[in-house]
Amino acid sequence: MTLRIKLFVLVAGVIVLATSGVTAVALWREVIRGQELLAREGSAIATSAAATASRWVLPEALEPGGREALDAVVRRLLESGPFDRAWIVNRDGTLVACATRAGHACPERTPPSIFVRGAGPLEALDRLIHPEGIVASAPVLREGELVGAINLDYAHEEILGNARDLAWGVAVVAAFRITLGLVLASVLLRHIARPLEQVVAASDQLAQETGVQLAVPQDRELAELVTAINTLSRHLAERREENERLIASLERRVEEKTRQVLRADRLATLGGIAAGFAHELGNSLNVIRGYNAVALRELPPDHPNRPDLEAVKREVSRAASLMERFLVFARARQQNPQVQSIEPVLREAVEVVGPAAAQAKVETSVLVAPDVPEVLADPVLLRQAFLNLCVNAVQAMQPGPGRLEVSARRDGPDLLVEFRDTGPGMDAQTQRRVFEPFYTTKASGTGLGLAIVRQAAEAHGGSVSVESRPGEGATFRVRIPAAPQETA
């Protein structure tokens, strides 16, 4: 059963019940009013005959010839209207005259009375059911004294006929009202159900991930519902587009990361092979350096081949140093982390580079904030990283003069160490590649110093970055997480 049918049945039931109730009340009121009118009419007829009857009725008996005269009076009353019986009683209620139609008997004793209006629908219904439904009465007065009463009993068919006519009339009006109410209810429910059906269809479209925008009806409640559906559809469409963009972005990132992982895997494999070659080449260089040292000892100082051997010694030493730095970068050193202050490690790195800085006319300074946190780190790795940064800064400022400022401070939950120099700076492309292995802008550089710095920072869960402009120097920042409180 659809919602429209349910609503139609509900509204139809309400209309039928309401109309039936109103019709029933109107019918009862009209029945009572009709019975009252009949009673008043009968009382008026009885009253007109009471003046004639009063000449023949005495308080205790009748005037001579009174029975015949009263019989004539009741017969005239019976023929004057739709009555089944007409009778006269004296003051004691004794029957003194009576006239009836066929099939009806005269009452033996009836106390004098007048018609009393029914108190409610039940009494009116009782008059419709029982034969003696409406009895109209009028008192018989003689010289102002009650001597009897005239009673008229309406024909039962007269009472039923009036009620039947009223019922048919009211039924026709009720049927018209019910029909009109059902037609209006059908139109109204169609007006209500159509937006609801559109909302249901829109919900199906939303479930199928297709956007929809409905026309807003004039009804406020339905307008709010349709507006909510339109807003939900618009938000879902926006979220769907955003999700599609995110998925596309994630797919690109996954593809890029996959390429990076594959490249890193190949580089790791090549790195392992290169480390093996470097180790073997280092052994060969050590052998060459040993034989070269023996040859230098054997040759006199003025021998013409001695400069050549000195050149071999220099190049062998340079190649051995390059191999050593490459092996430091390629091999994962076993870390020995410990909770410590960064200040001793930092000052030691600056002191080691002090002679070279003085020769290059570079001033150095170290500033450590009082609230600098301790770190959980390997002091050897940090010393190597800080030393590489200091050496790079001094070499960048040669031949001087210049200034190297080293500082350490707390930055949120981390320790931030800055190396600020007054060298020539670097462009944006150099900043992007400066931490890549074997990338260098110096003729005699190996391109591994800053790569080792990044390796050391990331090994401690930190990072390294650079900020520079051409001609304005450079600032390298090493960020290391502070040691946990329970560990510290």
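Since this is a predicted model, take the numbers as computed values, not measurements. (Residues numbered from 1 in each chain as written. Predicted model: local features only at pLDDT ≥ 70, side-chain atom pairs only at ≥ 80, totals over all residues. Heavy atoms only, no water.)

A. Structural detail: the packing of helix 7 (residues 342-352) against helix 9 (residues 379-396). Where helix 7 contacts helix 9, the axes come no closer than 9 Å and their chain directions differ by 40°. On the basis of their axis angle, the class for helix 7 and helix 9 is oblique. Considering the relative orientation of helix 7 and helix 9, their crossing is right-handed. Facing helix 7, whose interface residues are Ile342, Val345, Leu346, Glu348, Ala349, Val350 and Val352, helix 9 presents Pro379, Leu382, Arg383, Phe386, Leu387 and Cys390. Tallied by class, the residues present in the contact of helix 7 with helix 9 amount to 11 nonpolar, no polar and 2 charged. (Axes fitted to C-alpha atoms, helices over the stretch in contact; angles between N-to-C directions. Helix = DSSP H or I, 4+ residues; strand = E, 2+ residues; numbered from the N terminus. Parallel < 35°, antiparallel > 145°, perpendicular 65-115°, else oblique. Left-handed = near helix turned anticlockwise from the far one by under 90°. Contact = heavy atoms within 4.5 Å. Nonpolar A, V, L, I, M, F, W, Y, C, P; charged D, E, K, R; others polar.)

B. Up close: the sheet that holds strand 9 (residues 414-421). Spatial ordering of the open sheet is given by 6-8-9-11-10, a layout of 5 strands whose pairing is mixed. The strands lining the two open edges of the sheet, one partner per strand, are strand 6 (362-368) and strand 10 (463-468). On average, adjacent strands in this sheet sit at an angle of 15° to one another, irrespective of strand direction. Pairing analysis gives 8 bridges linking strand 8 (residues 402-411) to strand 9, with the strands arranged antiparallel. Considered in strand 9, the bridge of arginine 410 is made with leucine 415. Helix 9 rests against strand 8, strand 9 and strand 11 (474-481) of the sheet, and its axis sits at about 25° to strand 9. Of the strands in this sheet, strand 10 and strand 11 are in contact with helix 11 (residues 449-459), which crosses strand 10 at around 135°. (Pairing = 2+ DSSP bridges.)

C. Structural view of the state of the cysteines. The tally for this structure, following the rule as stated, stands at 1 disulfide. Each sulfur in the disulfide pair cysteine 98 and cysteine 106 lies 1.7 Å from the other. One quick way to see it: the torsion about the S-S bond of cysteine 98 and cysteine 106 is about -90°, and its sign makes the bridge left-handed. Classification of cysteine 106 as partly exposed rests on a relative accessible area of 31%. (Disulfide = S-S within 2.5 Å. Buried < 20%, exposed > 50% of the residue type's maximum accessible area, 1.4 Å probe, protein only.)

D. How the structure looks around a nonpolar patch on the surface. Taken together, the side chains of Phe176, Leu180 and Leu184 make up a nonpolar region of the molecular surface, amounting to roughly 330 Å² of accessible area. Its location among the elements puts leucine 184 in helix 4 (residues 156-207). (Patch = residues over 30% accessible without salt bridge, like charges linked within 9 Å, V, L, I, M, F, W, Y side chains within 5 Å. Areas by Shrake-Rupley, 256 points an atom, 1.4 Å probe, with all protein chains shown as cover. Salt bridge = Lys/Arg side-chain N within 4 Å of Asp/Glu carboxyl O.)

E. Up close: the pattern of salt bridges. The tally for this structure, following the rule as stated, stands at 16 salt bridges. For glutamate 63, the salt bridge goes to arginine 142, with nearest N and O atoms at 2.9 Å. In this pair, glutamate 63 sits in the loop between helix 1 (3-53) and helix 2 (66-79) while arginine 142 sits in strand 3 (residues 135-142), placing the two residues 79 residues apart along the sequence. Between arginine 479 and aspartate 411 there is a salt bridge, with the nearest N and O atoms lying 2.7 Å from each other. Placement of the pair is arginine 479 in strand 11 and aspartate 411 in strand 8, with a sequence separation of 68 residues.

F. Spotlight on the packing of aromatic side chains. Scanning all chains against the criterion turns up 2 aromatic pairs. Pairing phenylalanine 386 with phenylalanine 419 gives two aromatic rings, centres 5.6 Å apart and planes at 45°, and the pair type is tilted. Residue phenylalanine 386 is found in helix 9, and its partner phenylalanine 419 is found in strand 9; the two are separated by 33 residues along the sequence. According to the relative accessible area criterion, phenylalanine 386 is buried, its value standing at 0%. Classification of phenylalanine 419 as buried rests on a relative accessible area of 2%. Centre to centre, the rings of phenylalanine 435 and phenylalanine 476 are 6.1 Å apart; their planes meet at 90°, and the pair counts as edge-to-face. Remark: phenylalanine 476 occurs in strand 11 and phenylalanine 435 occurs in the loop between helix 10 (428-433) and helix 11; sequence separation between them is 41 residues. Among the residues examined, phenylalanine 476 registers a relative accessible area of 9% and is labelled buried. (Phe/Tyr/Trp six-rings, centres within 6.5 Å; stacked < 30°, edge-to-face > 60°.)

G. Structural view of unusual backbone geometry. The amide bond that connects glutamine 398 to the next residue, proline 399, takes the cis arrangement and shows omega of 5°. Its place among the elements puts proline 399 in the loop between helix 9 and strand 8. A positive phi angle is found at glutamate 143, which is not glycine, with a value near 55°. Position of glutamate 143 among the secondary structure elements: in the loop between strand 3 and strand 4 (145-154).

H. Broad picture of a negative patch on the surface. A cluster of acidic residues, Glu238, Glu241, Glu242 and Glu244, forms a negative patch on the protein surface. Turning to its location among the elements, glutamate 244 is positioned in helix 5 (residues 220-298). (Lys, Arg positive; Asp, Glu negative; His and termini not counted. Charge placed at Lys NZ, Arg CZ, Asp CG, Glu CD.)

I. Looking closely at the nonpolar core. Membership of the largest hydrophobic core comes to 42 residues, with the highest contact counts inside it found for Ile342, Phe386, Ala408, Val417, Phe419, Phe476 and Val478. When residues in this core are grouped by element, the largest group, 9 residues, is from helix 9. If sequence neighbours within four positions are ignored, alanine 408 has contacts with Ile342, Leu346, Leu367, Val368, Ala369, Val372, Leu415, Leu416 and Val417. (Core = buried A, V, L, I, M, F, W, Y, C linked by side-chain atoms within 4.5 Å.)

J. Representation of the pairing of strand 8. By the bridge criterion, 7 bridges tie strand 6 to strand 8 in an arrangement that is parallel. Among the inter-strand pairings, valine 366 is bridged to a residue of strand 8, identified as valine 406. A loop of 2 residues connects strand 8 with strand 9, the two strands running antiparallel in sequence, and glycine 412 in this loop sits at a positive phi of about 70°.

K. Structural context of the packing of helix 9 against helix 11. Running from N to C, helix 9 and helix 11 point in directions that differ by 145°, and their axes come no closer than 9 Å. As helix 9 packs across helix 11, the resulting crossing turns out to be left-handed. Facing Leu381, Gln384, Ala385, Asn388, Leu389 and Asn392 of helix 9, the residues of helix 11 in contact are Gly449, Leu450, Ile452, Val453 and Ala456. Tallied by class, residues from the contact of helix 9 with helix 11 come to 7 nonpolar, 4 polar and no charged.

L. Expanded view of the pairing of strand 4. Buried residues dominate strand 4, accounting for 8 of its 10 residues. Relative to strand 4, strand 1 (residues 83-90) is paired through 7 bridges, and the arrangement is antiparallel. Bridging across to strand 4, asparagine 90 finds its partner in glycine 148. Taken together, the 8 bridges between strand 3 and strand 4 define a ladder with antiparallel strand orientation. Along strand 4, the bridge assignment pairs valine 140 with glycine 148. Connecting the antiparallel pair strand 3 and strand 4 is a turn made up of 2 residues, with glutamate 143 showing a positive phi of about 55°.

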